[in-house]
Amino acid sequence: MKILIHGATNGSNFGDCLFAHIFYEVLNDYGDVDFLRIPKFGLCKYLKNEIASYSTKFSSYKEADCLVYMSGGYFGDTTKNLRESLIRYFRYFRVAKHFIQEKKPIYICGVGGGPVSNTFLRKKMVEIMNAAKFVSVRDTETAEYFKAHGVRKEIYVTTDSALSIWKRDLPELDDSLKELVADKKNIFFHVYGSNESNKELAQKILPALNRYIAEHPNEYRVFVGSDNVTKHKISDLDIYKDLCADKISVDYSATWDFCALLKNMDSAITVKLHVGIVSSLFNKSVISFPKHINKTKRYYKQIGYSERCKLLRECCEEDVYDMISKYIDQPMNIDLRLIEKSNINLHPFYND
């Protein structure tokens, strides 16, 4: 069987690259696997080089016997902007037209979605879901949204596929980092890759973290990094320079190395979803201040830690300080049943 994987494979974003690795490895047990390779929207050079066992299996997506939409949030929030909606259609959903017309199976595996403001794009998503042979979503809210908008296909509610790496062997930390994680409590402070993007973090999170660190001298070491390859070195960012702490800058290198780093932290302060998911999976303390209004809050609700997640736009410096003070040393524990549910996303053919 020739299996085509598609999703958000056109960049170095940690969560999406993690999904690409997971799905490529698992689905190789079922046949010849390749990713959608089209200009701008298909598999990027970064991922092609990072997945060590990857090789091209077929020259055109039309040769594939089935289409697997890997996990990711791309069935989700959009604006009403027509141009953006058209780009998203061509990026993610146009490829499904061939499989529907040729009556080839489509499998939608652990996606997150809704709301979708643009009517055209939402209808395309619903059409693809109704045509699919298997649909699973990572949270109840996604399932309820698409059922309310016309999906008649059975939808399996699972959880995020990243939880499936629970027992995976991860790389050793670089020698330069091994000694640095040994003698203090380690905080991962998640930042963006540019000063402009970090403005709100610098106004709200940074002063609260500086204050907390000052009140606990010699207790913590702060590792500062992003979750994707950035144009600027972390050490050159203003938010790093203005952090008053025993600190280490960590430039993002690779998906599994980043997982290993998070596993060796004691806590994480993060603005995005998958740094929090992977950290919580390894029983770390996570404090989440997302900019995304839906998907991250859904995850913490699902695992029973809603109090650990507050939208950054709804926070002031004092709110951040209070959350750090209350939770920074409180590990999280995820119900094993949720972790097991994540594996449903990886084996859609079991339902054939």
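Below, the structure is looked at part by part. (Residues numbered from 1 in each chain as written. Predicted model: local features only at pLDDT ≥ 70, side-chain atom pairs only at ≥ 80, totals over all residues. Heavy atoms only, no water.)

The helix and strand inventory of the protein chain stands at 14 helices and 12 strands. The dimensions of the protein chain, computed from C-alpha atoms along their principal axes, are 65 × 40 × 40 Å. Sorting the 352 residues of the protein chain into buried and exposed places 54% on the buried side. In the protein chain, of all internal contacts separated by at least 6 residues, the share reaching a separation of at least 24 is 74%. Accessible surface computed for the protein chain: about 15,200 Å², of which carbon and sulfur atoms make up 47%. Once the 50 positive and 45 negative side-chain charges of the protein chain are each reduced to a mean point, those two points are 8 Å apart. (Helix = DSSP H or I, 4+ residues; strand = E, 2+ residues; numbered from the N terminus. Buried < 20%, exposed > 50% of the residue type's maximum accessible area, 1.4 Å probe, protein only. Contact = heavy atoms within 4.5 Å. Areas by Shrake-Rupley, 256 points an atom, 1.4 Å probe, with all protein chains shown as cover. Lys, Arg positive; Asp, Glu negative; His and termini not counted. Charge placed at Lys NZ, Arg CZ, Asp CG, Glu CD.)

Taken together, the side chains of Leu82, Leu86, Phe90 and Phe120 make up a nonpolar region of the molecular surface, amounting to roughly 330 Å² of accessible area. In terms of residue count, helix α3 (residues 82-93) provides more of the nonpolar patch than any other element does, 3 residues in total. Within the fold, Leu86 resides in helix α3. Among the residues examined, Leu86 registers a relative accessible area of 33% and is labelled partly exposed. (Patch = residues over 30% accessible without salt bridge, like charges linked within 9 Å, V, L, I, M, F, W, Y side chains within 5 Å. Salt bridge = Lys/Arg side-chain N within 4 Å of Asp/Glu carboxyl O.)

Another point: the pairing of strand β1 (residues 2-6). Summarising burial for β1: 4 of the 5 residues are buried, a large majority. Strand direction decides the pairing type here: β1 and strand β2 (residues 32-35), joined by 4 bridges, are parallel. When the bridges of β2 are listed, Ile5 appears paired with Phe35. Where the polypeptide runs from β1 across helix α1 (residues 14-27) and back to β2, its parallel neighbour, the crossover connection is right-handed. In the sheet, β1 pairs with strand β3 (residues 66-69) via 4 bridges, with the strands oriented parallel. Across the sheet, residue Ile5 finds its bridge partner in β3, namely Val68. (Pairing = 2+ DSSP bridges. Right-handed = clockwise from strand over helix to strand, strands pointing away.)

The next point concerns the nonpolar core. Membership of the largest hydrophobic core comes to 63 residues, with the highest contact counts inside it found for Leu18, Phe23, Ile165 and Phe188. No other element matches α1, which puts 10 residues into this core. For Phe23, the residues in contact, after removing those within four places along its chain, are Ile5, Val68, Met70, Ser71, Cys109, Ser161, Asn345 and Leu346. Counting 32 residues, the second largest nonpolar core, distinct from the first, contains Leu67, Ile108, Val116 and Ile155. (Core = buried A, V, L, I, M, F, W, Y, C linked by side-chain atoms within 4.5 Å.)

Contact pair helix α8 (residues 199-215) / helix α13 (residues 317-327): the axes reach a minimum separation of 8 Å and the direction vectors enclose 45 degrees. Judged by the angle between their axes, α8 and α13 are oblique. In this structure, the crossing between α8 and α13 has a hand that is right-handed. In this structure, α8 uses Gln203, Lys204, Ile205, Pro207, Ala208, Leu209, Arg211, Tyr212 and Glu215 to contact α13, whose residues at the interface are Glu317, Glu318, Val320, Tyr321, Ile324 and Ser325. (Axes fitted to C-alpha atoms, helices over the stretch in contact; angles between N-to-C directions. Parallel < 35°, antiparallel > 145°, perpendicular 65-115°, else oblique. Left-handed = near helix turned anticlockwise from the far one by under 90°.)

Under the definition given, this model contains 22 salt bridges. When the shortest N-O distance is used, the salt bridge between Glu215 and Arg211 registers 3.8 Å. Of the two residues, Glu215 and Arg211 both sit in helix α8, 4 residues apart, roughly one turn of that helix. Judged by its relative accessible area of 42%, Glu215 falls in the partly exposed class. Among the ionic contacts, a cluster of salt bridges with common partners joins Asp183, Lys184, Arg221 and Asp246.

It is worth stressing that arrangement in space is one thing and function is another; only the former is reported here.
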